[in-house]
Amino acid sequence: MRTRLRMHRLRRKALRSRRYFGTVRVPRRTKVKVSVMAAVLVVILAVGSLFGDMIREDSLVQMVIGHAKSEMYLGMLKTAAPSVFYEKTGGNKMEYLLEWVLRAVPVYGYVTDEEDYATQSESDISYETIIAREALDENYVDETTGEVVTSAEGELQLPAEEPESAADSEEKTEEAQEQTQEDVSGGQVQGGSFVPNQTPVVTYSKEKLNDFDYLIQNFYVVDRTTTINSSQLNAADLLGRSMKLTHGPDAPQILIYHTHSQERFADSVPGDAATSIVGAGEYLTQLLGGYGFHVLHHTGEYDVDTRDDAYSRAGPVIEQILKENPSIEVVIDLHRDGVPEGKRLVTDVQGKQTASIMFFNGLSRTTANGDISYLPNPYIQDNLAFSLQMQIAAQEYYPGFSRMIYLKGYRYNLHYCPKSLLVEVGAQTNTVQEVMNAMEPLADILAKVISP
């Protein structure tokens, strides 16, 4: 009797608890639905496992299946514990899934995210071939035929401007040559009354420069032989790197040399180095000395008989000079470009006909073969920073004086020093005087960028 009474009390307490907590029984229909969903899930997982070995692990199909599995798991958890996954959403699930699938397609990432160009490792091209191509990778003029020679992989790039007729070009060249003959006395070109600009003519906002598309379209020409991405051309990083000299002129600070010392101009005097690219380097040396810099001008010749291997011949000498003069912080390889005979790279700077300049960077990477692992350059980012800061200074203080920075494959001996520049001054159609005039704003731009 007591046992029955005790069981009765326990039942009454259970009934009161059920009413209090609002517990309800799960309908039979709901149980059936849950069982069916579980069975379907098991089948899907089994099929996925079966086909998992039949497709690549990194394929688009595998990525979509994996994502679908994750979404199903999350859906079950959201059903069981909705408060944990509460979120405010816009759009339907189909739009979300479509967005995710599109993001799995590489082209979508290329268009919407960081612009990156993947390259394979350098493997099927020899070191000797790379060196030979590097020597021939710039435009130059064949002395016997007078034709402009470009690399087999590249194309001749010229500044975008209105073409002039052959008659106009010839007339301008004759006038410039006559003016040069008046200025040249005993092989020496007379300097003009250049006055450095103290305030920028134009300015570029950081917001614009940080836009990769704006930067690449307004400051660079990327040759088809190489590739670049937005992580390398990051304006915030490149402009944030200091190019200022760290010590005074008590020891050499700047080295100027010429890989192609035999490059000459329209009215250069045969046999007279003072009217060649070497003479331009000597004038630049004098101008920089006037700014208070200690400059060493190396006039070694590495392309007398042939341009082949000029960089490989010059490299060890430059390395030795830097070893003997550890105070040198800036290295400039001064060149002359090559253009068709009807083209002249000339602009007006303070009323004087002035040869245009162009900064040139090598990226140790080719489109066809990828990164050149055995031609490393640990200073590529510093090289890019230096040329960009020089380019911006040129555009701000002397608009139109500098052509866009040219990016190409290979290394060009820019790996010996962080602050290395390869500068192309004018072309074979420019006069000596136009080239000498270009040294004046170039010296001022350099002083503005590297002065402490």
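Residues numbered from 1 in each chain as written. Predicted model: local features only at pLDDT ≥ 70, side-chain atom pairs only at ≥ 80, totals over all residues. Heavy atoms only, no water.

This part takes up the overall build of the protein. Tallying secondary structure elements over the protein gives 14 helices and 15 strands in all. When each of the 452 residues of the protein is scored for burial, the buried share is 42%. Partitioning the intrachain contacts of the protein with sequence separation of at least 6 by distance along the chain shows that 81% fall at a separation of at least 24. With an accessible surface of roughly 24900 Å², the protein has 55% of that area assigned to carbon and sulfur atoms. (Helix = DSSP H or I, 4+ residues; strand = E, 2+ residues; numbered from the N terminus. Buried < 20%, exposed > 50% of the residue type's maximum accessible area, 1.4 Å probe, protein only. Contact = heavy atoms within 4.5 Å. Areas by Shrake-Rupley, 256 points an atom, 1.4 Å probe, with all protein chains shown as cover.)

Once that is clear, we can look at the pairing of strand S10 (residues 352-355). Examined bridge by bridge, strand S9 (residues 346-349) and S10 share four bridges and lie antiparallel to one another. Its bridge partner lying in S10, Thr347 is registered against Thr354. Where S9 folds back onto S10 in an antiparallel hairpin, the turn is made up of two residues, including Gln350, whose phi is positive at roughly 55°. (Pairing = 2+ DSSP bridges.)

Bringing the side chain of Glu396 into the picture now. With respect to the helices, strands and loops of the structure, Glu396 is situated in helix H13 (residues 380-397). Put simply, Glu396 is tucked away with no salt bridge, and the nearest opposite charge, on Lys448, sits 9.7 Å away. (Lys, Arg positive; Asp, Glu negative; His and termini not counted. Salt bridge = Lys/Arg side-chain N within 4 Å of Asp/Glu carboxyl O.)

Before going further, it helps to spend a moment on the nonpolar core. Judged by nonpolar contacts, the single largest core of 61 residues is most densely connected at Tyr220, Leu233, Ile254 and Leu442. With 12 residues, the top contributor of residues to this core is helix H14 (residues 432-450). Ignoring any residue separated from it by four or fewer positions in sequence, one finds Ile254 in contact with Leu288, Phe293, His294, Val295, Leu296, Ile328, Val330, Ile332, Leu446 and Ile450. Judged by nonpolar contacts, the second largest core, of 10 residues, contains Met358, Phe360, Tyr412 and Leu414. (Core = buried A, V, L, I, M, F, W, Y, C linked by side-chain atoms within 4.5 Å.)

So, about the sheet that holds strand S8 (residues 330-337). In spatial order, the strands read S5-S14-S11-S15-S8-S6-S7; together these seven strands make up an open sheet with mixed pairing. The sheet is open, and its two edges are formed by strand S5 (220-222) and strand S7 (295-297), each paired on a single side. Averaged over all adjacent pairs, the angle separating strand axes in this sheet is 25°, with direction ignored. Strands in contact with helix H11 (residues 277-290) are strand S6 (254-257), S7 and S8; relative to S7, the strand with the most contacts, it is inclined by about 165°. Together, S6, S7, S8 and strand S15 (419-427) form the strand contacts of helix H12 (residues 310-324), whose direction differs from that of S6 by roughly 155°. (Axes fitted to C-alpha atoms, helices over the stretch in contact; angles between N-to-C directions.)

Successive side chains on a regular strand alternate, one facing one side of the sheet and the next facing the other. Of the two faces of strand S14 (residues 405-408), the one holding Ile405 and Leu407 and the one holding Tyr406 and Lys408 are both buried throughout. Of the strand pairs in this sheet, S5 and S14 are connected by three bridges, and their pairing is parallel. Along S14, the bridge assignment pairs Tyr220 with Ile405.

We now examine the packing of H13 against H14. The interhelical angle for the contact between H13 and H14, taken along N-to-C directions, is 120°, at an axis separation of 9 Å. The orientation of H13 relative to H14 falls into the category oblique. Relative to H14, the crossing made by H13 is right-handed. Only Leu442, Ile445, Leu446, Lys448, Val449 and Ile450 of H14 make contact with H13, whose side of the interface consists of Phe386, Gln389, Met390, Ala393, Ala394 and Tyr397. (Parallel < 35°, antiparallel > 145°, perpendicular 65-115°, else oblique. Left-handed = near helix turned anticlockwise from the far one by under 90°.)

Overall, the coordinates contain nine salt bridges when judged by the stated rule. Among the ionic pairs, Asp237 bridges to Arg241, the shortest N-O distance being 3.3 Å. Residue classification places Asp237 among the partly exposed positions, given a relative accessible area of 28%. Arg344 serves as the salt-bridge partner of Glu434, at 2.2 Å between the closest nitrogen and oxygen. With Glu434 in helix H14 and Arg344 in the loop between S8 and S9, the pair connects residues that are 90 residues apart, well separated along the chain. Here Glu434 and Arg344 have matching classes, each one buried. Within this structure, Asp237, Arg241 and Asp382 form a network of salt bridges that share partners.

Summary statistics for the protein give a mean pLDDT of 77 and a share of 61% for residues scoring 70 or more. Confidence drops under a pLDDT of 50 for residues 100-128, and excluding neighbours within four residues, the segment shows 52 contacts in the predicted structure. Confidence drops under pLDDT 50 across residues 151-156; counting only partners more than four residues distant or on other chains, this segment forms 19 contacts. (pLDDT = per-residue confidence, 0-100.)

Our focus in this paragraph is helix H9 (residues 212-219). Working note: α-helix, 3.6 residues per turn, so residues spaced by three or four point in the same direction. The set of residues buried in H9 consists of Phe212, Leu215, Ile216 and Phe219. Down the axis of H9, the buried set is contained in an arc of 100°. They therefore lie on one face. Looking at the buried residues of H9, the elements they touch are helix H8 (206-209), S5, helix H10 (235-240), H13 and S14. In this structure Asp211 caps H9, since a side-chain oxygen of it lies 3.0 Å from the backbone nitrogen of Asp213. (Arc of directions from axis to C-beta. Polar contact = N/O pair within 3.5 Å; in protein donor to acceptor, adjacent residues only side chain to side chain.)

Turning to the packing of aromatic side chains, a few remarks are in order. Counted by the stated rule, this structure contains five aromatic pairs. Where Phe360 meets Tyr412, the ring centres are 5.1 Å apart and the plane angle is 85°; that geometry is what we call edge-to-face. Placement of the pair is Phe360 in strand S11 (residues 357-362) and Tyr412 in the loop between S14 and S15, with a sequence separation of 52 residues. Considered together, Phe360 and Tyr412 belong to a single accessibility category, that of buried residues. Among the aromatic residues, ring-to-ring pairing joins Tyr311, Phe360, Tyr406 and Tyr412 into one connected group. Taking the ring centre of Tyr397 as reference, the NZ or CZ of Lys448 above it sits at 4.7 Å. (Phe/Tyr/Trp six-rings, centres within 6.5 Å; stacked < 30°, edge-to-face > 60°. Lys NZ or Arg CZ within 6 Å of the ring centre and 35° of its normal.)

Moving on, we come to H13. Compared with the 26 Å implied by 1.5 Å per residue over 18 residues, the 26 Å span of H13 between its first and last C-alpha is a close match. Within H13, 18 of the 18 residues are buried, which leaves the element mostly enclosed by the surrounding structure. (Expected span 1.5 Å × (residues − 1).)

A separate point is the side chain of Gln232. Mapped onto the elements of the fold, Gln232 is located in the loop between S5 and H10. A relative accessible area of 11% places Gln232 in the buried class. Those residues in contact with Gln232 that sit more than four places away from it in its chain are Leu238, Arg365, Ile380, Gln381 and Leu384.

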